[in-house]
Amino acid sequence: MDSRIELSRDEMRAFGYRVIDILVEHLATLPQQRVGAKAVPEEIYAKLSEPPPEHGSPYEPLLEQLQRDVFPSTMHVNHPRFFAFVPGPGNFAGVMAETLAAGYNVFVGTWLGGSAAEAVETVTIDWLRQLCGFEESCRGLFVSGGTVANLTALAVARHVILDDRLERAVVYMSDQAHSSLEKALRVLGFLPEQIHRIPCDEDFRLPIAYLTAAIKEDREAGKRPFCIIASAGTTNTGAVDPLRGLRAICDVERLWLHVDGAYGAAAVLCEQGRRLLDGLALADSLSLDPHKWLYQPFETGCVLVRQGSHLRSTFRLLPDYLQDVHRHSEEVHYTDLGIQLTRSFRALKLWLSFKMFGVAAFREAIARGFRMAEFAEQCLREMPDWEISSPARMAVVCFRYKRGDDALHAKLVEATLQDGFALCTSTTLRGRTVLRMCTINPRTTEQDIGDTLARIDATARLI
Ligand SMILES: Cc1ncc(COP(=O)(O)O)c(C=O)c1O
């Protein structure tokens, strides 16, 4: 290959078609494949380490290298038997949208840069607003994921409630809240003693009475309570904090209510989820991750703010080199609403997926996730050596081998990793290690669940 960073039309076509063929083959045969694998560091670096390649090479051997050395040594988070952490089922419309967005390399930071794409983002965000039940004043934006959604929302809370002054401010959340919240608060400058973690109740929810007492005590000590963070689907157990009760406290105490629905908020689309998420639209801000339970490729997070104008008042700056951008007030500039200036066309993934399949298909797929976890729970209840540690809730079920200690559960995870048929990972509930299954992948079948549990049971007996 000569020294150029260009391909001819025919070369682009051949390269592109080859990539699509690889993807289609991979996705169509996923259930027959291993769930993925974890590379051994010295082995993988031995294969990949090399000086910067001064001269190029044809794409065919490079794709072969990736297919041989890289992709098989990753976890296939879209595999129907990947039950660990939060799966990333994805969908092909999202993949194509990602490709189009990269190909056009649309800039979605200002109206001047990407006007129609900004409009697509506004329309898609408004779909999410409607689906979640927020009023029309609600605005939002797509971000990289739940972590940045939480960071963005908490920056708004800090600005609106504290006028960006942090001294003696306190934020409350349960001990089940996701670590990204603590990380976001750290980035925003809060000290560990300003984060009041409340022990959860027996259902892994934020206890209202305990919280009210904590707020009173903190006020009496001269502190400034400013925000309650609720979880709408905890990562551990799918628990949803009492959103209406928390709203009532926030109203009385004049606090911001942020709801971390990165995992669970998408469940509002289906009937069962809507009931569990009662009060969702009472949040001042909400994190919601389409790259989880709305089946988008990664780097598709979203944050909604009930009074949308707060986003602009928190993030808008007017540097000289953007003076041509801010001329017409009806134009939206997504850089004014969040952290990034250069932003990709993330909205296109959800827009194309909703348009192609329809929200009804998503609703049914989400409901199926609930049913799969209930099926897993039912299977486990029929297995004499296993007990349920946390029942199926929001497509998450946690369970424990009655005849084994914490160490056995850790060994079980390691053994299933080696086995490669399926993957469940562990967490700690009430001080004990448990296994956890998250069943949001709409391609997961009852057989996948039955076979996985039978295999784990057989492995537990051998350890
Ligand atoms: C409840 C919850 N909040 C936040 C996050 C962080 O989201 P992300 O990994 O997209 O940054 C997760 C991730 O699993 C989560 O489950």
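For clarity, every value in this text was computed on a predicted model and none was experimentally measured.

A.B. asks: Just to check I follow, could you spell out the packing of helix α15 (residues 406-419) against helix α16 (residues 446-462) for this structure?
C.D. replies: The interhelical angle for the contact between α15 and α16, taken along N-to-C directions, is 120°, at an axis separation of 10 Å. Judged by the inter-axis angle, α15 sits oblique to α16. Taken as a pair, α15 and α16 cross one another with a handedness that is right-handed. Of the residues in α16, those in contact with Leu408, Leu412, Ala415, Thr416 and Asp419 of α15 are Arg455, Ile456, Thr459 and Ala460.

A.B. asks: In this structure, what is going on with the sheet that holds strand β5 (residues 256-261)? I would like to understand it.
C.D. replies: Strand pairing in a sheet takes place through backbone hydrogen bonds and is either antiparallel or parallel in direction. Taken together, 7 strands build an open sheet; the order of strands is β1-β7-β6-β5-β4-β2-β3 and the sheet is mixed. Each having just a single partner strand, β1 (139-143) and β3 (195-198) make up the two edges of the open sheet. For this sheet the average axis-to-axis angle between neighbouring strands, irrespective of direction, equals 20°. Of the pairings in the sheet, the one linking strand β6 (residues 285-288) to strand β7 (residues 301-305) comprises 4 bridges and is antiparallel in character.

A.B. asks: Would you take a moment to explain empty space enclosed by the protein for this structure?
C.D. replies: The gaps of empty space that remain are located by a probe, the size of a water molecule, rolled over the atoms. Going through the model one piece at a time under the given rule, you end up with 1 cavity of 30 Å³ or more. Lining of the largest cavity is provided by Thr416, Asp419, Phe421, Ala422, Leu423, Cys424, Thr452, Arg455 and Ile456. Among the secondary structure elements, those contributing two or more residues to the lining of the largest cavity are α15 and α16. Looking at the lining of the largest cavity, the element that brings in the most residues is α16, giving 3 residues.

A.B. asks: Teacher, can you tell me more about the site of the ligand here?
C.D. replies: Taken together, 15 residues lie near the ligand, and Gly146, Thr147, Thr235, Asp260 and His291 sit nearest. A distance of 2.8 Å separates an oxygen atom of the ligand from a polar atom in the backbone of Gly146. Applying the majority rule of atoms within 2 Å of the grid points places the ligand in the second largest pocket. Listing elements by their share of the shell around the ligand, those giving two or more residues are α6 (146-162) and α11 (290-293). In terms of residue count, α6 provides more of the shell around the ligand than any other element does, 3 residues in total. Here the shell around the ligand is composed, by residue class, of 3 nonpolar, 9 polar and 3 charged.

Quick notes on the rules
Residues numbered from 1 in each chain as written. Predicted model: local features only at pLDDT ≥ 70, side-chain atom pairs only at ≥ 80, totals over all residues. Heavy atoms only, no water. Axes fitted to C-alpha atoms, helices over the stretch in contact; angles between N-to-C directions. Helix = DSSP H or I, 4+ residues; strand = E, 2+ residues; numbered from the N terminus. Parallel < 35°, antiparallel > 145°, perpendicular 65-115°, else oblique. Left-handed = near helix turned anticlockwise from the far one by under 90°. Contact = heavy atoms within 4.5 Å. Pairing = 2+ DSSP bridges. 1 Å grid on protein atoms, 1.4 Å probe; cavity = no way out; pocket = protein on both sides within 12 Å on 5 of 7 lines; lining within 4 Å. Points joined across faces, edges and corners; volume = space filled by probe spheres on them. Near = heavy atom within 4 Å. Polar contact = N/O pair within 3.5 Å; in protein donor to acceptor, adjacent residues only side chain to side chain. Sits in = over half its atoms within 2 Å of the grid points. Nonpolar A, V, L, I, M, F, W, Y, C, P; charged D, E, K, R; others polar.

That's the geometry; what it means functionally is another story.
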